Amino acid sequence: MAITFLRAGLIAALLLLAGCDRGELATPTVLEGKTMGTSWRVSVVDINAQQAQALQQKIQAQLDGDDHLLSTWKSDSALMRFNHSASTAPWPVSAAMADIVTTALRVGEKTDGAMDITVGPLVNLWGFGPDKQPVKTPEHAQIDAAKARTGLAHLTVINRAGEQFLQKDLPDLFVDLSTVGEGYAADHLAQLMEQEGIARYLVSVGGALASRGMNAQGQPWRVAIQKPTDRENAAKAIVDINGHGISTSGSYRNYYELDGKRISHIIDPRSGRPIQHALVSVTVIAPTALEADAWDTGLMVLGTEQAKEVVKREGLAVFMIIKQGEGFTTWMSPQFSAFLISEKN
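What you see is a predicted model, and the numbers here were worked out from it, not measured in a lab.

Chemist: Please clarify how helix 6 (residues 178-195) should be interpreted in this entry.
Modeler: Residue pairs spaced three or four apart in an α-helix point in one direction, given the helix's 3.6 residues per turn. Over its 18 residues, helix 6 extends 26 Å from the first C-alpha to the last, a length consistent with the 26 Å expected when each residue adds 1.5 Å. Of all 18 residues in helix 6, 14 are buried; the element is thus mostly enclosed. With its phi angle positive at about 75 degrees, Gly197 sits one or two positions after the end of helix 6.

So, in structure tokens, the structure goes:
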């Protein structure tokens, strides 16, 4: 979660469970690669070697296109062309870009601005964007100056006669879609599977996943939520996400030490500073991976109690891991428990 696009993606707390029962009915095909500064993985059933080779190329080409759409690390990406422009006139964008931003703005509003895709100046200030890691803690004046260049109210999506536009009222507004890029890319891969006539798949980009149908054992695809530690690779809970998207945001892997403090990559746009509360991981299951990816970031920023209030109000399927003393405690919404297969200590 060196980094090219989605630093948060490298904190993905999700493990794919392909299944290895002795009574396997088929052999799954697993394809893998790199994109957006993280990795992608696609598990499918009922395709041959020739089809798999062709599918690998199509997947990588599509993800390369998604990266060129959303990257903040490529100066010629569609997003960075918008960011570099000082124009406050409507800026034409693709339908995909408009959909991504619309989802992000909606979730941002419902989380009282905790999920803010204009937080780029603060992300860069704290060393989690293209700018270098700071050698000392940013001063109040620097934080205030960066905050002055942020805010969801400064960004609008316009649909005019079937054409899509983004419009900003601050010339130097910087939009960073790294918090939702993995979710969009996972959904886009699911669409590709459908187009290819593949009805049984599990796709992932970083910490965002989507699935359909059954795995090679004729069972629903299952996903493990990892324990929040740098060293352990063990499951905290296992869920059946069949037909849904899932995404995890966590504060325990992507960080650095500065002035004797651990600096998380997750920045609270309201304070302009990295989060410091006890909530260390949020997993969301939603109809799409994009929506799950947007919600997990906003809830992670809010912290345990405020996040619970939003989850209850919005009826979200959410699993939280909270630091408590030397260990961890968990909380899940009733909607999430419907997906739960098992929870482990």
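Additional details are given in the paragraphs that follow.
Chemist: What exactly am I supposed to notice about the nonpolar core here?
Modeler: Across soluble globular proteins, nonpolar side chains have a tendency to be buried as a group. Within the largest apolar cluster, 46 residues are counted, with the highest numbers of intra-cluster contacts made by Met97, Ile117, Leu177, Leu299 and Met320. Elements represented by at least two residues in this core include exactly helix 1 (49-70), helix 2 (78-84), helix 3 (95-110), helix 6, strand 16 (279-286), helix 7 (289-302), helix 8 (304-314) and strand 17 (317-324). Tallying contributions element by element places helix 7 first for this core, with eight residues. Counting 23 residues, the second-largest nonpolar core is a separate cluster that includes Ile198, Tyr201, Val205 and Ala210.

Chemist: Looking at this structure, I do not really get the sheet that holds strand 4 (residues 91-93). What am I missing?
Modeler: Across a sheet, paired strands are connected by hydrogen bonds in the backbone, their directions being either parallel or antiparallel. The sheet built from three strands is open, its strands ordered 4-6-5 with antiparallel pairing. Edge positions in the sheet fall to strand 4 and strand 5 (155-160), since each of these pairs with one other strand and no more. Strand-to-strand twist of the sheet, defined as the mean angle between neighbouring strand axes without regard to direction, takes the value 35 degrees. Together, strand 4, strand 5 and strand 6 (163-168) form the strand contacts of helix 3, whose direction differs from that of strand 5 by roughly 135 degrees.

Chemist: What should I look at first to understand unusual backbone geometry in this one?
Modeler: The bulk of non-glycine residues show a negative phi, and the bulk of peptide bonds are trans. Phi at Met36 is positive, roughly 55 degrees, even though this residue is not glycine. Its location among the elements puts Met36 in the loop between strand 2 (29-35) and strand 3 (38-44). A relative accessible area of 2% means that Met36 is categorised as buried.

Chemist: Teacher, can you tell me more about the packing of aromatic side chains here?
Modeler: Two measures describe an aromatic ring pair: the distance that separates the ring centres and the angle between the ring planes. All told, the structure shown has two aromatic pairs when counted by the stated rule. Seen in terms of ring centroids, Phe82 and Trp91 are 6.3 Å apart; in terms of plane orientation they differ by 65 degrees. Their pairing is edge-to-face. Positioned above the aromatic ring of Phe82, the side-chain terminus of Lys168 is 4.6 Å from the ring centre. The ring of Phe328 is capped by Lys323, whose NZ or CZ atom sits 4.8 Å from the centre of that ring.

Chemist: Can you walk me through the pattern of salt bridges in this structure?
Modeler: Charged atoms that come close allow side chains of opposite charge to pair. The final tally for this structure, using the stated rule, is ten salt bridges. Between Lys58 and Glu196 there is a salt bridge whose closest N-O contact spans 3.1 Å. With Lys58 in helix 1 and Glu196 in the loop between helix 6 and strand 7 (201-205), this pair connects stretches of sequence that are 138 residues apart. Between Glu305 and Lys308 there is a salt bridge whose closest N-O contact spans 3.9 Å. Of the two residues, Glu305 and Lys308 are both situated in helix 8; the distance of three residues between them amounts to about one turn of the helix. Overlapping salt bridges bring together Lys110, Arg313 and Glu314 as one network.

Chemist: Even after reading the chapter, I still don't get the packing of helix 1 against helix 6, so can you show me in this structure?
Modeler: Helix 6 packs onto helix 1 with a crossing angle of 145 degrees between their chain directions and a minimal axis gap of 10 Å. Here helix 1 and helix 6 pass one another in a crossing that is right-handed. Listed contacts from helix 6 to Leu55, Lys58, Ile59, Gln62, Leu63, Asp66, Leu69 and Leu70 of helix 1 are Gly181, Tyr184, Ala185, His188, Leu189, Leu192 and Met193.

Reading the values: the criteria
Residues numbered from 1 in each chain as written. Predicted model: local features only at pLDDT ≥ 70, side-chain atom pairs only at ≥ 80, totals over all residues. Heavy atoms only, no water. Helix = DSSP H or I, 4+ residues; strand = E, 2+ residues; numbered from the N terminus. Expected span 1.5 Å × (residues − 1). Buried < 20%, exposed > 50% of the residue type's maximum accessible area, 1.4 Å probe, protein only. Core = buried A, V, L, I, M, F, W, Y, C linked by side-chain atoms within 4.5 Å. Pairing = 2+ DSSP bridges. Axes fitted to C-alpha atoms, helices over the stretch in contact; angles between N-to-C directions. Contact = heavy atoms within 4.5 Å. Phe/Tyr/Trp six-rings, centres within 6.5 Å; stacked < 30°, edge-to-face > 60°. Lys NZ or Arg CZ within 6 Å of the ring centre and 35° of its normal. Salt bridge = Lys/Arg side-chain N within 4 Å of Asp/Glu carboxyl O. Left-handed = near helix turned anticlockwise from the far one by under 90°.

Nothing here speaks to function; it is geometry throughout.
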